Amino acid sequence: MTIAKNGVSYYSFSIFDNQPVRALFTTRNGGASHGCFESLNFGFSSGDDPDCVRQNYERLAECLGTNVTHLVTSAQTHTNHVLVVDERHAGMGVTRPKDFSDIDALITATPGLGIVTAHADCTPVQFFDPVHRVIACAHSGWMGTLENISAAVISTMTARFQTDPSDLLIAIGPALCQDCFEVDEDVAFRFFDADPSYRRFHYTRRISNPAGDAVTKYYLDLKRIISLELTNAGVLLEHVEVSELCTKCHPDLFFSHRNMGVKRGVMASAMILL
Ligand SMILES: [Zn+2]
């Protein structure tokens, strides 16, 4: 973990060391927000003081070596929709409104433009094509994972920038661990129906529900499912770095939807091409 001069604490991934890119995943510490948003919250829409959120974006921009007018944020609705952004999108979601909606991953080849996705348990995936100098940030929650947003990012990078998946360097950041992604049979079987090989990334447990009945709960390892989606798309396994950190297991470090419900902040997964 790095603590920046301005107090922001964040994780970065060694897969991007010595590459012309800055990539980070923030913790909840080092920001200006208070109460349930304490303190480094990047969400404008959950009731936090917008002046505090703007200050948090200023601190994030400083960590990326840019200005808030050169950031662009996603418009997340748990889809697998991706958008290629450039200088025309600079500032959208931070200093001016977005002109797009339903976008869970951003891709850019524009140096100096910081791309940002928001997270509070859902898995962040960061992509870098060092040959064509293209970056991407994806919000791969369980629904986005089921819809394979990682493959959607890679196919768009290939179509627009001639990316060869075997060149890609990828970081899968802090998100729910397998023990913390507990779901009922219906959600588990949506995964198994999508790809039977996902079965090897689950276990079950019999627990008592609040009424005292024994029920079967399913536990899926979303980070390993995403890794498989990446390698199925042509990414080399040795080019994928996976954070072991769980957002629910570390309430001192992270906002977590499963810990805190909707009254909470969100962390930022952010990248910029140098
Ligand atoms: Zn956990």
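Note on numbering: residues in each chain are counted from 1, in written sequence order. Totals for whole chains, interfaces and linings use every residue, but because this is a predicted model, local features are given only for residues with pLDDT of at least 70 and side-chain atom pairs only at 80 or more, for both listing and counting. Note that the side-chain values use all heavy atoms of the structure and ignore hydrogens as well as water.

### Overview of the coordination of the zinc ion
Perfect tetrahedral coordination of a metal by four donors corresponds to 109.5 degrees between them, and perfect octahedral coordination by six donors corresponds to 90 or 180 degrees.
At step 1: Coordinating donors are taken to be N, O and S atoms lying within 2.8 Å of the metal, or within 3.2 Å when the metal is Na, K or Ca; because water is excluded from the atom set, some sites may appear incomplete. Every protein donor of the zinc ion is accounted for by Cys177 (SG), Cys180 (SG), Cys246 (SG) and Cys249 (SG), and the metal-donor separations fall at 2.3 Å.
At step 2: Given four donor atoms and angles of 104 to 118 degrees at the metal, the environment of the zinc ion is assigned as tetrahedral.
At step 3: In terms of primary sequence, the donors binding the zinc ion are separated according to C-x2-C-x65-C-x2-C. On the criterion of sequence distance, the pair formed by cysteine 180 in the loop between β10 (169–172) and β11 (182–183) and cysteine 246 in the loop between β14 (240–242) and α6 (257–260) is long-range, its members being 66 residues apart.
At step 4: Under the scheme applied here, a residue whose accessible area is under 20% of the maximum for its type counts as buried, over 50% as exposed, and between as partly exposed, the area being computed with a 1.4 Å probe on protein chains only. In this structure cysteine 180 comes out as buried when scored by relative accessible area, which is 11%.
At step 5: Residue class for cysteine 246 comes out buried when judged on its relative accessible area of 3%. In short, tetrahedral needs four donors with all angles between 85 and 135 degrees, square planar needs four and octahedral six donors with opposite donors over 155 degrees apart and all other angles between 65 and 115, and whatever is left is irregular. Secondary structure elements are defined from DSSP: runs of H or I of at least 4 residues count as helices, runs of E of at least 2 residues count as strands, and each element is numbered from the N terminus.

### Here we look at the domain arrangement of the protein chain
At step 1: Examined at the domain level, the protein chain breaks down into domain 1 (2–177 + 222–273) and domain 2 (182–220).
At step 2: Those domain boundaries reflect an automatic or database domain assignment. The straight-line distance from the C-alpha centre of domain 1 to that of domain 2 is 28 Å.
At step 3: Contacts were defined at the residue level, with two residues in contact if any of their heavy atoms lie within 4.5 Å. Domain 1 puts ten residues into the contact, and the matching count from domain 2 is twelve residues.
At step 4: What gets called buried area is simply the loss in accessible area from a 1.4 Å probe that two parts show on being joined, summed for both. Both sides together, the interface formed by domain 1 and domain 2 hides about 1,100 Å², and carbon and sulfur atoms give 68% of it.
At step 5: The salt bridge criterion pairs a side-chain nitrogen of Lys or Arg with a carboxyl oxygen of Asp or Glu, the two atoms within 4 Å. Run the count over domain 1 and domain 2 and you get zero salt bridges.
At step 6: Here a polar contact is recorded for every N or O atom pair within 3.5 Å, except that within protein the pair must consist of a potential hydrogen donor and a potential acceptor, and residues adjacent in sequence are included only if both atoms are side-chain atoms. On the surface where domain 1 and domain 2 come into contact, there are three residue pairs in polar contact (both at pLDDT 80 or more).
At step 7: The set of elements that each furnish at least two residues to the side of domain 1 that touches domain 2 consists of α2 (142–146) and α5 (222–232).
At step 8: A per-element tally of the side of domain 1 that touches domain 2 places α5 first, with six residues.
At step 9: Considering only residue class, the side of domain 1 that touches domain 2 consists of five nonpolar, two polar and three charged. For this classification, Asp, Glu, Lys and Arg are treated as charged, while Ala, Val, Leu, Ile, Met, Phe, Trp, Tyr, Cys and Pro are nonpolar and the rest, including Gly, are polar.

### Overview of α5
At step 1: Counting buried residues in α5 gives eight out of eleven residues, a clear majority hidden from the surface.
At step 2: Within the sequence span of α5, burial applies to Leu222, Lys223, Ile225, Ile226, Ser227, Leu228, Glu229 and Leu230.
At step 3: Where α5 begins, one side-chain oxygen reaches toward the backbone nitrogen of lysine 223, 3.3 Å away; that side chain belongs to aspartate 221.
At step 4: Taken from the residues just after α5, glycine 234 is the one with a positive phi, measuring 105 degrees.

### So, the sheet that holds strand β13 (residues 214–220)
At step 1: Strand pairing is assigned whenever DSSP detects at least two bridges linking the two strands. Taking strand neighbours across the sheet as the criterion, the three strands line up as β11-β13-β12 in an open arrangement whose pairing is antiparallel. At either margin of the open sheet sits one strand with a lone partner, and together these are β11 and β12 (202–208).
At step 2: Summarising the sheet, β11 and β13 pair through two bridges and their orientation is antiparallel. Counted as the bridge partner of valine 183 is tyrosine 218 from β13.
At step 3: Contacting β11, β12 and β13, helix α4 (residues 185–194) crosses the sheet at an angle of about 40 degrees to β13. Axis lines are fitted to C-alpha atoms, over the contacting stretch for helices. Their N-to-C directions set the angle, which ranges from 0 to 180 degrees.

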